Structure formats: C-alpha cells, structure tokens
Amino acid sequence: MKPMSDAVGPGDLVLCVNAAPNHVTGFPVPLQAGETYRVIDVMDFACPCGRSDALLDVGIDFAWCQSRFRLLPKPKAQAKPQRVAAPKEKQRVR
C-alpha cells in the first residue's frame, strides 16, 4: 500500500470517509462523513493504528489518521466571462 503523505499537503482539500470513533481512545470524533476539510498541516508521524504514515491537521480537535480521508482533485481553472464590446450608437448632429 502506497503512503498517502506524498500526495497530501497543506492547503489540499480532503473528503472525510470514516467518522467512526477514535480508534485509539474510543471517543466519538467531531468530523462528519461526507464533509470536506482543508489540510492545515501534515505531520510525518506514524498513526498508532498502523494504517498510515502521517497524521493530518484539519483545524478540528487534533491530528487525524490519513485513513479517514481521501484526497480530492484540485479544481481546474474556470473561464471568466469576457466583456463584449458593443458598438456605440452615434447621434446625428444637424
């Protein structure tokens, strides 16, 4: 299994896919399955569960195991609407 920490970095969007209770303490987690979170920091520290090689800080509570998240693709550039030059109406001067 390839480690995720190579692909995930600060500022990336991740999708929470597992909001099960904390697998170390058993306490419920404040994360919601199906919600997206922005990664603040990636800590290169192996999770005690052995499923990932880094912990993610998403700004809620403390560090979370990478196995709870899936990396979302970066948004592609969107075309901005262009201003269309309309012909100017001329007034006849007599």
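Model, not experiment: these values are computed from the prediction.

Rules used throughout
- Residues numbered from 1 in each chain as written.
- Predicted model: local features only at pLDDT ≥ 70, side-chain atom pairs only at ≥ 80, totals over all residues.
- Heavy atoms only, no water.
- Core = buried A, V, L, I, M, F, W, Y, C linked by side-chain atoms within 4.5 Å.
- Buried < 20%, exposed > 50% of the residue type's maximum accessible area, 1.4 Å probe, protein only.
- Contact = heavy atoms within 4.5 Å.
- Pairing = 2+ DSSP bridges.
- Helix = DSSP H or I, 4+ residues; strand = E, 2+ residues; numbered from the N terminus.
- Axes fitted to C-alpha atoms, helices over the stretch in contact; angles between N-to-C directions.
- Phe/Tyr/Trp six-rings, centres within 6.5 Å; stacked < 30°, edge-to-face > 60°.

Caption draft 1: Just the nonpolar core, in detail. Among the nonpolar cores identified, the biggest contains 13 residues, and Val14, Leu31, Tyr37, Val58 and Phe69 are the most heavily contacted of them. Once residues lying within four places of it in the same chain are set aside, the contact partners of Val14 are Val8, Glu35, Thr36, Tyr37, Val39, Val58, Phe69, Arg70, Leu71 and Leu72.

Caption draft 2: Structural view of the sheet that holds strand 4 (residues 55-57). Read from one edge to the other, the open sheet built from three strands follows the order 3-4-5, with strand pairing classed as antiparallel. Across the chains shown, the open sheet's two edge strands, defined by having one partner strand only, are strand 3 (41-43) and strand 5 (63-65). Across the sheet, the mean angle separating the axes of adjacent strands is 35 degrees when strand polarity is ignored. With three bridges joining them, strand 3 and strand 4 adopt antiparallel strand pairing. By the bridge assignment for strand 4, Met43 is matched with Leu55.

Caption draft 3: Examining the packing of aromatic side chains more closely. Within this structure, the stated rule accounts for one aromatic pair. Ring centres 6.3 Å apart and planes at 80 degrees place the aromatic pair Tyr37 and Phe69 in the edge-to-face group. In this pair, Tyr37 sits in strand 2 (residues 36-38) while Phe69 sits in strand 6 (residues 69-71), placing the two residues 32 residues apart along the sequence. For the residue pair Tyr37 and Phe69, the accessibility class agrees, reading buried in each case.

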